[in-house]
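Residues per chain are reported as follows:
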Amino acid sequence: MALVRISARSVADLHQISNFLRTFATDASTDLKAVLAAKIPSEQERVKNFRKNYGSTKVGEVTVDMMYGGMRGIKGLVCETSVLDPEEGIRFRGLSIPECQKVLPKAKGGEEPLPEGLFWLLVTGDVPSEAQVQALSKSWASRAELPSHVVTMLNNFPNHLHPMSQFSAAITALNSESKFAKAYNDGVHKSKYWEYVYEDSMDLIAKLPVVAATIYRNTFQGGKGIGAIDTNKDWSANFTSMLGFDNHQFTELMRLYLTIHSDHEGGNVSAHTVHLVGSALSDPYLSFAAGMNGLAGPLHGLANQEVLIWLKKLQQQVGDNVSEEKLKEFIWNTLKSGQVVPGYGHAVLRKTDPRYTCQREFAQKHLPDDSLFKLVSQVYKVVPPVLIETGKVKNPWPNVDAHSGVLLQYYGLKEMNYYTVLFGVSRALGVLASLIWDRALGLPIERPKSLSTNDLVKQYSK
């Protein structure tokens, strides 16, 4: 047997090589794009094989009521990032909100999950490590700077222009930075589309808090500067700092808020719009701006504002220490006047929204004596039985909007017109993660078939 002599110098060289390889492996594991690139081929193959074997299989049935009722309940979209169960609520890549709160990395000294971790989970399907989340925080901080023309645009908006109009316009203008649009115009192969959509999505998510904070400062704070991004802070901490808040609990609330509002499967207005516009190969900036115009509608993202207005009206009329009977009377009067109780009911859910529950738990821990929170708790006890008694409501339970405004008010973010912008910043995580996968799987332009009433009558009223 031959013996190999290894000198001290050789041992040192081996250690050096070993350390280099270990560092390289660590760096690669914290690179989200590299992790995603390793996953995509197997997922493409899995979808290809599934479609080959089951492509002609029917999924559900479509009724006339579904067609006239906003396509509600029609199973016609693929969404990889989350699924909404009527009884269980939202699951992000198979994990419930309580499970996400437990397993996703947290900031040092924090108790709520970091949105960066949720984004990693949505994109890859894997629970990230602390190192992977920290790498995302630093990546977003390094991408956050706005081009000068967008800063000028934001600073020239009149402060009476609705914050969501400012938000959407600025996002549209940011498409000057689109790497996907440039690559497409240069003739990039379609197998590479996802890479450029990924880069645009990362850039856009990084810039959204800067856009949103600039809108807040200009519209409500007399144009005060937002300060610089701190590369040592996480995404939420930088956002709250730019908004002008220096409160650890408020930052924790924003981490929770930005996590739970991020995704709600693919059929809601904002998610579906981003998917639809993106299917035309519009870049992520244009696609997301379209989704934000949908989110701005009173039946979607403005709902939390309507809840707060209703609660304050209730508080003014009946006071803080209202009896259950007085509260029931107010609710019945609301319903009899043809109005709804805002914050209650959901198109899909048939139980209390888990997003409401985790916000309620946060409030019970941090602001148990707040008068508006106490009123929300009373309403939670009284409204469902009243709605059940009407015999017209399928889901009498509170949704996410029934609570979020109260928490924001407590910590001093009182400008209700701004709340949907916060929702929009969060929603970017889910819809852009989905958009990356839309391009990775090569999903085509969306084009459902429509029929006229005359066509339907001819076919089904024989």
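Given the structure is predicted, the values throughout are model-derived calculations rather than measurements.

Undergrad: Can you help me understand the packing of helix α5 (residues 115-124) against helix α20 (residues 419-440) in this one?
TA: Each pair of packed helices gets described by two things: the angle between the helix axes and the distance between those axes. One can describe the packing of α5 onto α20 by two numbers: an axis separation of 9 Å at closest approach and a directional angle of 25°. As far as their axial angle goes, α20 and α5 are roughly parallel. Considering how the two elements wind past one another, α5 and α20 form a crossing that is right-handed. For the pair α5 and α20, contact is made by Pro115, Phe119, Leu122 and Val123 and by Leu429, Gly430, Ala433, Ile436 and Trp437, respectively.

Undergrad: I'm lost on the side chain of glutamine 132 in this one. Help?
TA: Here glutamine 132 shows up in helix α6 (residues 130-142). For glutamine 132, a relative accessible area of 13% corresponds to the buried category.

Undergrad: So what exactly am I meant to see when it comes to the state of the cysteines here?
TA: Simply put, the disulfide is a covalent bond whose two ends are the sulfur atoms of two cysteines. If you walk through the whole model with that rule in mind, you get zero disulfides. Cysteine 100 supplies the cysteine sulfur nearest to cysteine 79, a cysteine that is in no disulfide, at a spacing of 14 Å. Cysteine 100 provides the cysteine sulfur closest to cysteine 358, a residue in no disulfide bond, and the two sulfurs are 10 Å apart. The exposure class of cysteine 358 is buried, given its relative accessible area of 4%.

Undergrad: How should the pairing of strand β2 (residues 89-92) be read in this particular structure?
TA: Here four bridges tie strand β1 (residues 82-85) to β2, and the two strands are oriented antiparallel to one another. For valine 83, the partnering residue across the bridge sits in β2 and is arginine 91. Here β1 folds back onto β2, and the loop between the two strands holds three residues.

Undergrad: Honestly, a nonpolar patch on the surface in this entry has me stumped. Any pointers?
TA: A surface patch of nonpolar side chains, amounting to about 590 Å² of accessible area, comprises Val62, Val64, Met67, Tyr68, Leu451 and Tyr460. By the secondary structure assignment, tyrosine 460 is in helix α21 (residues 453-460). Its relative accessible area of 58% is what places tyrosine 460 among the exposed residues.

Undergrad: How should I be thinking about the environment of valine 322 in this particular structure?
TA: One can find valine 322 in the loop between α15 (303-318) and α16 (324-336). Valine 322 gets classed as buried once you look at its relative accessible area, which sits at 8%. Sequence separation of valine 322 and proline 368 is 46 residues, and the distance between their C-alpha atoms is 17 Å.

Undergrad: What am I meant to see in unusual backbone geometry here?
TA: Despite not being glycine, methionine 71 has its phi angle at roughly 60°, a positive value. As for its placement among the helices and strands, methionine 71 is situated in the loop between α3 (64-68) and β1. For methionine 71, a relative accessible area of 45% gives the class partly exposed.

Undergrad: Which parts of the structure should I look at to understand the packing of aromatic side chains?
TA: The relation between two aromatic rings is expressed through the spacing of the ring centres and the mutual angle of the planes. If you walk through the whole model with that rule in mind, you get 15 aromatic pairs. Aromatic pair phenylalanine 50 and tyrosine 54: ring centres 5.3 Å apart, planes at 35°, arrangement tilted. Linking phenylalanine 50 with tyrosine 54, this pair stays in helix α2 (residues 32-54), spanning four residues, or about one helical turn. Classification of tyrosine 54 by relative accessible area gives partly exposed; the value is 49%. Between phenylalanine 245 and phenylalanine 250, the aromatic rings sit 4.5 Å apart at their centres with planes inclined by 35°, giving tilted as the arrangement. Across the pair, phenylalanine 250 and phenylalanine 245 agree in class, each one buried. The rings of Tyr216, Phe220, Phe245, Phe250, Tyr410, Tyr411 and Tyr418 are connected pair by pair, giving a single aromatic cluster.

Undergrad: I would appreciate a short explanation of the domain arrangement of the chain in the present structure.
TA: The figure often quoted for interface size is the accessible area lost as the parts come together. Taken domain by domain, the chain holds domain 1 (137-300 + 417-441) and domain 2 (302-411). Counting residues at the interface gives 22 residues for domain 1, matched by 20 residues for domain 2. Across the interface of domain 1 and domain 2, roughly 1900 Å² is buried in total on both sides, 63% from carbon and sulfur atoms. Where domain 1 packs against domain 2, one counts zero salt bridges. If you look at where domain 1 meets domain 2, you find four residue pairs in polar contact (both at pLDDT 80 or more). Of the residues that constitute the side of domain 1 that touches domain 2, the class distribution is twelve nonpolar, eight polar and two charged.

Rules behind the numbers
- Residues numbered from 1 in each chain as written.
- Predicted model: local features only at pLDDT ≥ 70, side-chain atom pairs only at ≥ 80, totals over all residues.
- Heavy atoms only, no water.
- Axes fitted to C-alpha atoms, helices over the stretch in contact; angles between N-to-C directions.
- Helix = DSSP H or I, 4+ residues; strand = E, 2+ residues; numbered from the N terminus.
- Parallel < 35°, antiparallel > 145°, perpendicular 65-115°, else oblique.
- Left-handed = near helix turned anticlockwise from the far one by under 90°.
- Contact = heavy atoms within 4.5 Å.
- Buried < 20%, exposed > 50% of the residue type's maximum accessible area, 1.4 Å probe, protein only.
- Disulfide = S-S within 2.5 Å.
- Pairing = 2+ DSSP bridges.
- Patch = residues over 30% accessible without salt bridge, like charges linked within 9 Å, V, L, I, M, F, W, Y side chains within 5 Å.
- Areas by Shrake-Rupley, 256 points an atom, 1.4 Å probe, with all protein chains shown as cover.
- Salt bridge = Lys/Arg side-chain N within 4 Å of Asp/Glu carboxyl O.
- Phe/Tyr/Trp six-rings, centres within 6.5 Å; stacked < 30°, edge-to-face > 60°.
- Domains from an automatic or database assignment.
- Buried area = accessible area lost by both parts, 1.4 Å probe.
- Polar contact = N/O pair within 3.5 Å; in protein donor to acceptor, adjacent residues only side chain to side chain.
- Nonpolar A, V, L, I, M, F, W, Y, C, P; charged D, E, K, R; others polar.

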